[in-house]
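As a plain string of letters, each chain reads:
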Amino acid sequence: GDYARYYTAWARLKLDHLPAASLGFDALSQKHLEGYLGQAVEVRRADVALEQRDHARAAAILEALTTRPLLTPEAVLLKLARAYELSGNKAQAVETYWRVWVDSALLPEGDAAGEELERRMDKLSDADVNRLADLYFPRQPDGTRRSRDAYFDGILKDGTYTYGMGAMIGHA
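Residues numbered from 1 in each chain as written. Predicted model: local features only at pLDDT ≥ 70, side-chain atom pairs only at ≥ 80, totals over all residues. Heavy atoms only, no water.

*Asks:* When you look at the overall build of the protein in this model, what are you seeing that I'm missing?
*Replies:* Counting its secondary structure elements, the protein contains nine helices and four strands. Listed by position from the N terminus, the elements making up the protein come as α-α-α-α-α-α-α-α-β-α-β-β-β. Surface accessibility of the protein: about 10100 Å² in total, with carbon and sulfur atoms responsible for 55%. With 22 positive and 26 negative side-chain charges, the protein shows a separation of 4 Å between the mean positions of the two kinds. (Helix = DSSP H or I, 4+ residues; strand = E, 2+ residues; numbered from the N terminus. Areas by Shrake-Rupley, 256 points an atom, 1.4 Å probe, with all protein chains shown as cover. Lys, Arg positive; Asp, Glu negative; His and termini not counted. Charge placed at Lys NZ, Arg CZ, Asp CG, Glu CD.)

*Asks:* Hey, could you run me through the packing of aromatic side chains in this one?
*Replies:* In this description, an aromatic ring pair is defined by two values, namely the gap between the centres and the angle between the planes. Across all of its chains, the model carries five aromatic pairs by this definition. A centroid spacing of 5.0 Å and a plane angle of 80° characterise the contact between Tyr 6 and Tyr 7, whose relative ring orientation is edge-to-face. Taking the centre distance of 6.5 Å and the plane angle of 80° together, the rings of Tyr 7 and Trp 10 count as edge-to-face. Of the two residues, Tyr 7 and Trp 10 are both situated in helix α1 (residues 2-14); the distance of three residues between them amounts to about one turn of the helix. Using a relative accessible area of 44% as the deciding quantity, one classes Tyr 7 as partly exposed. (Phe/Tyr/Trp six-rings, centres within 6.5 Å; stacked < 30°, edge-to-face > 60°. Buried < 20%, exposed > 50% of the residue type's maximum accessible area, 1.4 Å probe, protein only.)

*Asks:* What should I look at first to understand the side chain of Ser 104 in this one?
*Replies:* Looking at where Ser 104 falls in the secondary structure, it is placed in the loop between α6 (90-103) and α7 (108-121). We classify Ser 104 as buried; its relative accessible area is 6%. Once residues within four sequence positions are removed from consideration, Ser 104 is found in contact with Glu 74, Arg 99 and Gly 110. (Contact = heavy atoms within 4.5 Å.)

*Asks:* Any chance you could explain the side chain of Glu 85 here in plain terms?
*Replies:* For Glu 85, the location among the structural elements is in helix α5 (residues 73-86). You can call Glu 85 buried: its relative accessible area is 16%. Not counting chain neighbours up to four residues away, the residues in contact with Glu 85 comprise Lys 90, Ala 93, Tyr 97 and Arg 120.

*Asks:* Explanation requested: a nonpolar patch on the surface in the structure shown.
*Replies:* On the surface, Tyr 3, Tyr 7, Trp 10, Tyr 36 and Leu 71 cluster together to form a nonpolar patch covering roughly 550 Å² of accessible area. With three residues, the top contributor of residues to the nonpolar patch is α1. With respect to the element layout, Tyr 36 can be found in helix α3 (residues 35-51). (Patch = residues over 30% accessible without salt bridge, like charges linked within 9 Å, V, L, I, M, F, W, Y side chains within 5 Å. Salt bridge = Lys/Arg side-chain N within 4 Å of Asp/Glu carboxyl O.)

*Asks:* Just checking my understanding: could you explain the packing of α1 against helix α2 (residues 18-29) for this structure?
*Replies:* For any two helices packed against each other, the geometry is given by the interaxial angle and the distance between the axes. Interhelical geometry of α1 versus α2 gives an angle of 155° and a closest axis separation of 7 Å. Taken together, the axes of α1 and α2 are roughly antiparallel relative to one another. Note that α1 runs across α2; the crossing there is left-handed. Contacts between α1 and α2 pair Asp 2, Arg 5, Tyr 6, Ala 9, Trp 10, Arg 12 and Leu 13 from the former with Leu 18, Ala 20, Ala 21, Gly 24, Phe 25 and Leu 28 from the latter. Classifying every residue of the contact of α1 with α2 gives nine nonpolar, one polar and three charged. (Axes fitted to C-alpha atoms, helices over the stretch in contact; angles between N-to-C directions. Parallel < 35°, antiparallel > 145°, perpendicular 65-115°, else oblique. Left-handed = near helix turned anticlockwise from the far one by under 90°. Nonpolar A, V, L, I, M, F, W, Y, C, P; charged D, E, K, R; others polar.)

*Asks:* How should the environment of His 32 be read in this particular structure?
*Replies:* With respect to the secondary-structure elements, His 32 resides in the loop between α2 and α3. The class for His 32 is exposed, based on a relative accessible area of 63%.

*Asks:* Help me out: how do you make sense of the nonpolar core in this one?
*Replies:* Nonpolar side chains tend to gather and get buried jointly when the protein is soluble and globular. Of all hydrophobic cores here, the largest spans 28 residues; its most connected members are Ala 58, Leu 62, Leu 65, Val 76, Leu 80, Ala 83 and Tyr 97. Elements with a contribution of two residues or more to this core: α3, α4 (55-65), α5, α6, α7 and α8 (126-136). Looking at this core element by element, the count peaks at seven residues for α5. Ignoring anything within four residues of it in the chain, the contact list for Leu 80 reads Ala 59, Leu 62, Glu 63 and Thr 66. By size, the runner-up hydrophobic cluster in this structure holds twelve residues, among which are Tyr 6, Leu 18, Leu 33 and Leu 37. (Core = buried A, V, L, I, M, F, W, Y, C linked by side-chain atoms within 4.5 Å.)

Such coordinate-based values are descriptive only and should not be taken to indicate function.
Structure, rendered in structure tokens:
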């Protein structure tokens, strides 16, 4: 059945037989499977793309996956952040690590995202830092930066709920 095909492709991935693994996962993906197996197939397709150094393809697969209800959204988003970074989209990687860190603070993936954020923040350009600051903490008429009202009340974004949080940065 489909699980046997999945584990055959998975074994080929682990044995570094990437073309055969890719064929197996792609064939399963065409079946539009539901539940765990449907999610696992897409994650493994992204793993194959990452191993083949096709980072943009991995990011595209994972982005599409995030539009569906996920069993482990934090694990998928962590892998997506890595794919963004490897494809050269460092600002999107940091945004995604931030999201995992905020939304999954009490999970191991939240800890991992926090560690990745620490390593990457110093590598952002000034333009990226300003764009992220404007996105999450817009400058107010009095010169301070404050979190958006929606984040204070809590917000649902891409199927993930961020519980309320507020912040103010004085005269940034």
